[in-house]
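The chain contents come next:
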Amino acid sequence: MKFTVQVFVLGQNLLSGCAAAYNKLAGCFCGKTTKSVNCFRVRMLHIIRKFSQVLPSGFREYLSSTQYVRHLRDGYRHRQILQKLEQRPGLKWHKMPDCPCKLLDAAALQIGDALFVFGGLQSANEVNRNVLKQDLQTGQWHTLGPLPDGLSDSHLAAATDGKRYIYLASGQLGGNCRPAVKSVYSYDTHDGTWRSLPDVPYARYAASLGLCGGKLHFIGGAAEDRWTPTDQHLSLSVNEGVAQETMWRTEIAIPIPGMHRGCVVLNDRLYVFGGQQGDFQPIPDDPECLCTNKTQEDYLASTFRLSADGSYWEKLADMPIAASHLEFSSVTWEGRIFALGGQIYKHPDEFYLKLTNVIQCYDPDTNEWIIYDYLAQSVKTCVVAQHNGELFYAGGQI
């Protein structure tokens, strides 16, 4: 697995594709890629070990390392993806300009023809502390400025009014396994200014945040131990980036606790779907929340909608594929919800991941999820947007 800076755009109206046209081809594409990459690795190791004897020792050690083979493999995989894009029927994906840095567990929301990205892990111990903006008309990226010192840089919860302001809450501050923070901020996309809002009463990793009916709804997430899923639901009245009350209110808990969920507002209703329970367990009583090598994750397919008066959660149809890390990989379009990719498995001992390239689509009129189509590759935590009938996604882990 690796973090990526790649950006893809679907160069066809999002609602005019046909999912069934290449269901089998998509599976074949993934299978051939895996087989080719494995064969490529074996061939390169043989070549490197044969010819590295005549090279200086330091360079010879690098060429013989798995790191170098991984670099070659990733380049080979990238070229194969681009070649396959041109061969696929149905929806056509096109490569766009790469974003300035790698992004994993970043927060990202769209306002108009711009996608705003906050933080993100660039590697296990390196974080992005800037706000990035992609112009969806040109595809070009711009760095807008740094995050406030107290704002987390990964595993954030975020929401927007869709016009000017973006709200960000809690999450992890720093790389590797680090403690979560309680801080909440609003960001003015017009002038780039920040405003501090009342802290949430408890720190959470990968919670959900939605703005509906003039209130921020802060839902679930992993507890301070990173491992325990929570079901708490809080609200805070806001207007134009300013809190209208001094503390968060307790609301009706979501029926199933979880984190790394998709969360969108559609037709003035708040939807929460997918996600997971469990993660790497922390070292007991470690103040830095450093992780052990113990993990067990269960993936969620459930979908919930908050009632119009906020008094209860309505259970809706399950997703076809239980997937997590959907918080900023979900988008609404023409009255439907689209969830892109996600993580569907982590081995509890060896920690390798299984990701998906499926685009899942929910229609609230029929209360039905379908497999709509497929991404250019399997990915989790990509950031997404839609503009003028085109679907964009960038970054994530592949």
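The structure we're discussing is the one just above.
Report on the accompanying structure.

1. Description of the overall build of the chain
Right, on to step 1. Scanning the chain from N- to C-terminus turns up 3 helices and 33 strands.
Right, on to step 2. Relative to its full complement of 398 residues, the chain shows a buried share of 54%.
Right, on to step 3. Considering only intrachain contacts with a sequence separation of at least 6, the fraction spanning at least 24 residues in the chain is 57%.
Right, on to step 4. Surface exposure of the chain reaches about 16900 Å², of which carbon and sulfur atoms provide 50%.

2. Let's talk about the environment of Phe280
Right, on to step 1. Summarising the element assignment, Phe280 is placed in strand 21 (residues 280-282).
Right, on to step 2. Once the C-alpha coordinates of Phe280 and Trp227 are considered, the two residues, 53 residues apart in sequence, prove to be 6.3 Å apart.

3. Examining the nonpolar core
Right, on to step 1. Counting residues in each nonpolar core, the largest one holds 32 residues, and the members touching the most others are Val117, Phe118 and Leu168.
Right, on to step 2. The element contributing the most residues to this core is strand 4 (residues 114-118), with 5 residues.
Right, on to step 3. Within the second largest apolar cluster, 18 residues are counted, among which are Tyr165, Val184, Phe218 and Leu236.

4. Focus on the pattern of salt bridges
Right, on to step 1. This model, assessed by the stated rule, comprises 9 salt bridges.
Right, on to step 2. Measuring nitrogen to oxygen at the nearest pair gives 2.8 Å for the salt bridge that ties Asp188 to Arg164. A residue pair is termed long-range when its members are at least 10 positions apart, and Asp188 in strand 11 (residues 184-188) and Arg164 in the loop between strand 9 (157-160) and strand 10 (165-169) qualify at 24 residues.
Right, on to step 3. Among the salt bridges present, the one from Glu245 reaches Arg249, with a minimum N-O distance of 2.6 Å.
Right, on to step 4. You can call Glu245 buried: its relative accessible area is 14%.
Right, on to step 5. You can call Arg249 partly exposed: its relative accessible area is 47%.
Right, on to step 6. Via salt bridges that share partners, Asp279, Glu297 and Lys346 belong to a single interconnected network.

5. Observations regarding the sheet that holds strand 7 (residues 130-135)
Right, on to step 1. Taken together, 4 strands build an open sheet; the order of strands is 3-4-7-8 and the sheet is antiparallel. The strands lining the two open edges of the sheet, one partner per strand, are strand 3 (107-111) and strand 8 (141-146). The sheet shows a mean angle of 20° between the axes of neighbouring strands, direction not considered.
Right, on to step 2. Both strand 7 and strand 8 contribute to a ladder of 5 bridges, which runs antiparallel. Within strand 8, the position partnered with Gln134 by the bridge is Trp141.

6. Quick notes on the sheet that holds strand 9
Right, on to step 1. Read across the sheet, 4 strands follow the order 9-10-11-12 without closing on themselves; strand pairing throughout is antiparallel. Both edges of this open sheet fall to strand 9 and strand 12 (194-197), since each of them pairs with a single strand only. When strand polarity is set aside, the average angle formed by the axes of neighbouring strands in this sheet is 20°.
Right, on to step 2. The pairing of strand 9 with strand 10 spans 4 bridges and is classified as antiparallel. Across the sheet, residue Ala159 finds its bridge partner in strand 10, namely Tyr167.

7. Quick word on the side chain of Ser324
Right, on to step 1. Position of Ser324 relative to the elements: it lies in the loop between strand 25 (313-316) and strand 26 (330-333).
Right, on to step 2. Residue classification places Ser324 among the buried positions, given a relative accessible area of 0%.
Right, on to step 3. At 2.8 Å, the side chain of Ser324 forms a polar contact with the side chain of His325.

8. Some details on the environment of Pro146
Right, on to step 1. Position of Pro146 relative to the elements: it lies in strand 8.
Right, on to step 2. With a relative accessible area of 58%, Pro146 lands in the exposed category.
Right, on to step 3. As a C-alpha pair, Pro146 and Gly192 span 46 residues in sequence and 9.9 Å in three-dimensional space.
Right, on to step 4. Non-local contacts of Pro146, meaning those with residues more than four positions away in its chain, are made with Arg129, Asn130 and Trp194.

9. Looking at the pairing of strand 27 (residues 336-340)
Right, on to step 1. Within strand 27, 5 of the 5 residues are buried, leaving the element largely enclosed by the surrounding structure.
Right, on to step 2. With 4 bridges joining them, strand 26 and strand 27 adopt antiparallel strand pairing. Considered in strand 27, the bridge of Trp333 is made with Arg336.
Right, on to step 3. Taken together, strand 26 and the strand that follows it, strand 27, pair antiparallel across an intervening segment of 2 residues, in which Glu334 is found at a positive phi of about 50°.

The rules we used
- Residues numbered from 1 in each chain as written.
- Predicted model: local features only at pLDDT ≥ 70, side-chain atom pairs only at ≥ 80, totals over all residues.
- Heavy atoms only, no water.
- Helix = DSSP H or I, 4+ residues; strand = E, 2+ residues; numbered from the N terminus.
- Buried < 20%, exposed > 50% of the residue type's maximum accessible area, 1.4 Å probe, protein only.
- Contact = heavy atoms within 4.5 Å.
- Areas by Shrake-Rupley, 256 points an atom, 1.4 Å probe, with all protein chains shown as cover.
- Core = buried A, V, L, I, M, F, W, Y, C linked by side-chain atoms within 4.5 Å.
- Salt bridge = Lys/Arg side-chain N within 4 Å of Asp/Glu carboxyl O.
- Pairing = 2+ DSSP bridges.
- Axes fitted to C-alpha atoms, helices over the stretch in contact; angles between N-to-C directions.
- Polar contact = N/O pair within 3.5 Å; in protein donor to acceptor, adjacent residues only side chain to side chain.

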